Amino acid sequence: MARHLITSAIPYINGIKHLGNLVGSQLPADLYARYLRGRGHEVLFLCATDEHGTPAELAAKKAGKPVDQYCAEMHGVQAEIAKGFRLSFDHFGRSSSKQNHALTQHFAGRLADQGLIREVSEKQVYSVADARFLPDRYIEGTCPNCGYDKARGDQCENCTKQLDPTDLINPRSAISGSTDLEVRETKHLYLMQSGMRAQLNAWIDEKTDWPILTTSIARKWLNDGDGLQDRGITRDLHWGIPVKRGDQDWPGMEGKVFYVWFDAPIEYIACAGEWAEAHGLGDDAWERWWRTDKGAEDVRYTQFMGKDNVPFHTLSFPATILGSGEPWKLVDYIKSFNYLNYDGGQFSTSQGRGVFMDQALDILPPDYWRWWLLSHAPESSDSEFTWENFQSSVNKDLADVLGNFVSRVTKFCRSKFGEAVPEAGSYGPEEEALIETITARVRAYERSMEAMEVRKSAAELRGIWVAGNEYLQSVAPWTVFKTDPDKAAAQIRLALNLVRLYGVLSAPFVPDAAADMLKAMQTEDDSWPDDVRAALGVLEAGHAFTVPDVAFAKITDEQREGWQARFSGVRE
Ligand SMILES: Nc1ncnc2c1ncn2[C@@H]1O[C@H](COP(=O)(O)OP(=O)(O)OP(=O)(O)O)[C@@H](O)[C@H]1O
Ligand SMILES: [Zn+2]
């Protein structure tokens, strides 16, 4: 038994996530966590909401709520939807937790002690009417490039040009509209990442088994142009973690908070602390996952994320950890994803384009989405969601192959032998061949899952389902029954055991259907088939079962067309 720490990129708080976000982080992390638990490993699977920064403040303002209340509510919404998708987090935390406040301040203090923080004096726009500095999105004005009059301080949405707030013509406060603005000096802390370039390069070079997507993005940021740059870790904002040096005040930094990119990954650690607290456990319970001096040497830590998050996880967060000089656990494997696109364009939260997690659950149960998304995960390149593909994959794989197998076997048995595993007959060459095929396929499935090759794992699992169907098709117990009922009984005995096996193997992908299969087989034995032959004998003659309800209804053309129309515009 090994110990696995698994984290998914933490979703930003300002809205409900779309299916791209889901398949790019939380869902494959859940697949892996469920698989490893199924194999008997000890797993701690963590996720949280990423709550600080200007977008959260602005979204709260738009909703007419105080930002802390807005974040608490949105955390509740995201937690509920995560449950709806059966995401099996051991804890779903919040980057605004007291644990993250303390740890973020602790890391900043350590980095300063190690000489890795410097103070920088910058010019920033200050609003006299609002009595505050106005970072990026808080300031609007006319774009110097294209003349668009609602350009933001960080970027013009019209011409996409990256801007500095001081570039804007006729700038005004996005909070009050005031034009009583002036440029003032303000001091910020910078993390001296540039000095850690060689150390980070050497660390990335060790990671020969990481996805190319991960290491190529890391190397680009490390080495392109002037190479990895120092980065500001503080902001002139109200909402965030107050700047402190450990538990001490930081002279000159009064009223400032840490920049969200700095505190968000530290939440991976803090979340373990939240988990321990939620379970009434002490510090040693979470430290044995995170501190190599306190029991975490044998932990394997895997992170899941979309490609835009890779630089922070390969460089900035490791710089924080390594720079602290303390024995914190470093990530062992980063599984990154390309993007899932939506029907000829991109998913977009800001534009409300695509299907969002709450809407998806509104129209179909989680297994349908989980299966399609995972079996089409954007691994080697971007992939695309289309309603046609969704309909045909779900109907073929889940209804025609898996659902049909379960239903045919159980119904046939009920009508010919009754609702218990039949006793007569013995296995012949076809059964032996099937056991061999399934054994080989289960081993291949395990290899793909261990390598976190999501699409390949889905294909292997589908292959295991197909093998059962092909067996049934070729031995045709319904025909055999007429001349040799004992032989048909043996065939059905094996097939019923396959239903249980499918329940065990399919659980990481389609947990609800898997649970239904085990329930119908009236067994709680969900142990992993290390020995497939033995696993196919778990349900002995006489063991009672029930015929499950239709596990997967087919998606009709009418449904598809309706959803296609409903999700073609933008979310209001
Ligand atoms: N279209 C996509 N396909 C796959 N993964 C995605 C996609 N868009 C975002 N992600 C990933 O989803 C995870 C959660 O994203 P986050 O909440 O930070 O939103 P985001 O990256 O700002 O996305 P968006 O801009 O669409 O809201 C991140 O790991 C991100 O890389
Ligand atoms: Zn412009």
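Cut-offs used in this document
- Residues numbered from 1 in each chain as written.
- Chains lettered and ligands numbered in written order.
- Predicted model: local features only at pLDDT ≥ 70, side-chain atom pairs only at ≥ 80, totals over all residues.
- Helix = DSSP H or I, 4+ residues; strand = E, 2+ residues; numbered from the N terminus.
- Rg over C-alpha atoms; globule rule 2.2 N^0.38 Å.
- Buried ≥ 20, exposed ≤ 12 C-beta atoms within 10 Å, placed from the backbone.
- Contact = placed C-beta atoms within 7 Å.
- Expected span 1.5 Å × (residues − 1).
- Pairing = 2+ DSSP bridges.
- Axes fitted to C-alpha atoms, helices over the stretch in contact; angles between N-to-C directions.
- Near = placed C-beta within 6 Å.
- Nonpolar A, V, L, I, M, F, W, Y, C, P; charged D, E, K, R; others polar.
- Domains from an automatic or database assignment.
- UniProt positions renumbered as here; feature names shortened; annotations may be inferred.
- Core = buried A, V, L, I, M, F, W, Y, C linked by C-beta atoms within 7 Å.
- Parallel < 35°, antiparallel > 145°, perpendicular 65-115°, else oblique.

Participant: Would you mind showing me how to read the overall build of the chain here?
Facilitator: Across its full length, the chain carries 19 helices and 19 strands. For 572 residues, the compact-globule estimate of 2.2 N^0.38 gives 25 Å, and the C-alpha radius of gyration of the chain, at 27 Å, lies within 12% of that figure. Dimensions along the principal axes, computed over C-alpha positions, put the chain at roughly 95 × 55 × 45 Å. When burial is assessed residue by residue, the chain has 44% of its 572 residues classed as buried. The contacts of the chain with a sequence gap of at least 6 include a subset with a gap of at least 24, amounting to 75%.

Participant: Where do I start with helix H16 (residues 485-506) in this structure?
Facilitator: At 3.6 residues per turn, the α-helix brings residues three or four places apart onto the same side. Along its 22 residues, H16 runs 31 Å from first to last C-alpha, staying within 8% of the 32 Å computed at 1.5 Å per residue. Burial runs high along H16: 20 of the 22 residues are buried.

Participant: How do you make sense of the sheet that holds strand E1 (residues 3-8) when you look at a structure like this?
Facilitator: Neighbouring strands of a sheet are bound in pairs by backbone hydrogen bonds; such pairs are parallel or else antiparallel. Read across the sheet, five strands follow the order E3-E2-E1-E15-E16 without closing on themselves; strand pairing throughout is parallel. Sheet topology places strand E3 (91-94) and strand E16 (333-337) at the edges, where each strand pairs with a single neighbour. Taken over all neighbouring pairs, the strand axes of this sheet differ in orientation by 20 degrees on average, direction set aside. The sheet contact formed by E1 and strand E2 (residues 42-49) spans five bridges and is parallel. Following the sheet pairing, Ile-6 is matched in E2 by Phe-45. Against the sheet, helix H1 (residues 19-38) makes contact with E1, E2, strand E15 (299-306) and E16, and its axis sits at roughly 150 degrees relative to E15, the strand it touches most.

Participant: What am I meant to see in the site of ligand 1 here?
Facilitator: Taken together, 20 residues lie around ligand 1, and Ala-9, Gly-20, Gly-24, Gly-306 and Thr-349 are the ones closest in. Mapped onto the shell around ligand 1, the elements with two or more residues apiece are H1 and E15. If one sorts the elements of the shell around ligand 1 by residue count, H1 sits on top with five residues. Residue classes in the shell around ligand 1 are distributed as 10 nonpolar, eight polar and two charged.

Participant: Is there a simple way to explain the domain arrangement of the chain in this structure?
Facilitator: Frequently, the measure chosen for interface size is the accessible area that the parts lose on association. Once the domains are mapped, the chain shows domain 1 (3-114 + 206-216 + 261-337), domain 2 (117-191) and domain 3 (386-535). Of note, the centres of domain 1 and domain 3, computed from C-alpha atoms alone, are 36 Å apart. Facing the 10 residues of domain 1 at the interface are nine residues of domain 3. Among the elements that line the side of domain 1 that touches domain 3, the one with the most residues is H1, at six residues.

Participant: I tried to follow the UniProt feature "binding site: ATP" (unreviewed entry) in the chain on my own but got confused; where do I start?
Facilitator: In this structure's numbering, the residues bearing the UniProt feature "binding site: ATP" (unreviewed entry) are Thr-349. Inspection of the secondary structure assignment puts Thr-349 in the loop between strand E18 (345-346) and helix H10 (357-363). Residues contacting Thr-349, with those up to four places away along its chain left out, are Gly-15 and His-18.

Participant: Explanation requested: the UniProt feature "coiled-coil region" (unreviewed entry) in the chain in the structure shown.
Facilitator: Per the UniProt record, "coiled-coil region" (unreviewed entry) is annotated on residues 435-462. From the first C-alpha to the last, residues 435-462 spans 16 Å; its make-up is 89% helix and 0% strand.

Participant: Can you help me understand helix H14 (residues 454-475) in this one?
Facilitator: Taking 1.5 Å as the rise per residue, H14 with 22 residues should run 32 Å; its terminal C-alpha atoms sit 32 Å apart, in good agreement. Among the residues making up H14, those that are buried are Val-454, Ser-457, Ala-458, Glu-460, Leu-461, Arg-462, Ile-464, Trp-465, Gly-468, Tyr-471, Leu-472 and Val-475. Its buried side turned inward, H14 meets H1, helix H11 (366-375), helix H12 (387-416), helix H13 (429-450), helix H15 (477-483) and H16. The positive-phi residue at the C-terminal boundary of H14 is Ala-476, with phi of around 45 degrees.

Participant: Explanation requested: the nonpolar core in the structure shown.
Facilitator: The tendency in soluble globular proteins is for nonpolar side chains to be buried as a group. Counting 148 residues, the largest nonpolar core has Leu-19, Leu-46, Ala-272, Leu-373, Leu-374, Leu-496 and Val-499 as the members making the most contacts within it. Among the elements that take part in this core, H16 stands out by supplying 13 residues, more than any other. Of all hydrophobic cores here, the second largest spans 12 residues; its members include Phe-133, Tyr-138, Leu-163 and Leu-181.

Participant: What am I meant to see in the packing of H1 against H11 here?
Facilitator: Pairs of packed helices are described in terms of their axes, by the angle between the two and the distance that separates them. Their axes nearest at 10 Å, the elements H1 and H11 cross at an angle of 95 degrees. Between H1 and H11, the crossing angle belongs to the class labelled roughly perpendicular. Seen from H1, the contacting residues are Leu-19, Leu-22, Val-23, Leu-27, Pro-28 and Leu-31; seen from H11, they are Arg-370, Leu-373 and Leu-374. A breakdown of the residues in the contact of H1 with H11 according to their chemical character gives eight nonpolar, no polar and one charged.

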